[in-house]
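# Observations on the model geometry
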Amino acid sequence: MRSVFHTEKKIDRVWDLKGSTVGRKSEEGESVLKDLDILEEGKKLRFKHGSERDAFLKQLEVDAAFLATMGIMDYSLLLGLHNDCDDGCCNTSGNGG
């Protein structure tokens with residue numbers, strides 16, 4: 001199966017985020033995690049440069065406006081994480097790693 005992520009890098013974790021916590025916990029063994037899972041892990045989305053953050057937020061705004069014009073209210077953000085660790089030891093203590 002092809003990945004929806006346009007990258008040659010290995011995607012180590014995937015979350016399907018809807019911005020809600022109601023019924024948003026993955027079941028044991030599911031490979032795609034949900035809103036409550038990322039909150040419980042304490043993960044936060046961080047950008048190296050402010051321009052990357054601005055571009056990301058602008059794209060979310062454009063996408064949400066488009067979906068609203070199409071009358072689509074149930075949508076989610078599929079977020080993939082690639083652990084980019086130079087020394088092979090990634091910090092997974094929940095502080096954004």
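Residues numbered from 1 in each chain as written. Predicted model: local features only at pLDDT ≥ 70, side-chain atom pairs only at ≥ 80, totals over all residues. Heavy atoms only, no water.

Here we come to the side chain of D37. Position of D37 relative to the elements: it lies in helix α1 (residues 35-41). There is a polar contact of 3.0 Å between the side chain of D37 and the side chain of K25. Contacts of D37, omitting those with residues within four sequence positions, involve W15, R24, K25 and S26. (Helix = DSSP H or I, 4+ residues; strand = E, 2+ residues; numbered from the N terminus. Polar contact = N/O pair within 3.5 Å; in protein donor to acceptor, adjacent residues only side chain to side chain. Contact = heavy atoms within 4.5 Å.)

Our next topic: a nonpolar patch on the surface. Nonpolar side chains collect at one region of the surface, where F66, M70, I72 and Y75 lie side by side and expose about 410 Å² of accessible area between them. Within the secondary structure, Y75 is located in the loop between α2 (50-69) and β3 (77-81). (Patch = residues over 30% accessible without salt bridge, like charges linked within 9 Å, V, L, I, M, F, W, Y side chains within 5 Å. Areas by Shrake-Rupley, 256 points an atom, 1.4 Å probe, with all protein chains shown as cover. Salt bridge = Lys/Arg side-chain N within 4 Å of Asp/Glu carboxyl O.)

Let's shift gears to the nonpolar core. Listed in full, the six residues of the largest apolar core are W15, L17, L33, I38, L79 and L81. For this core, the secondary structure elements donating two or more residues are β1 (13-17) and β3. In contact with I38, other than residues within four places in its own chain, are W15, L17, K43 and L79. (Core = buried A, V, L, I, M, F, W, Y, C linked by side-chain atoms within 4.5 Å. Buried < 20%, exposed > 50% of the residue type's maximum accessible area, 1.4 Å probe, protein only.)

Moving on: the packing of aromatic side chains. For the structure shown, the criterion picks out one aromatic pair. Between the aromatic rings of F47 and F56, the centroid separation amounts to 5.4 Å while the plane-to-plane angle is 45 degrees, which identifies the pairing as tilted. A relative accessible area of 31% means that F47 is categorised as partly exposed. Residue classification places F56 among the partly exposed positions, given a relative accessible area of 24%. (Phe/Tyr/Trp six-rings, centres within 6.5 Å; stacked < 30°, edge-to-face > 60°.)

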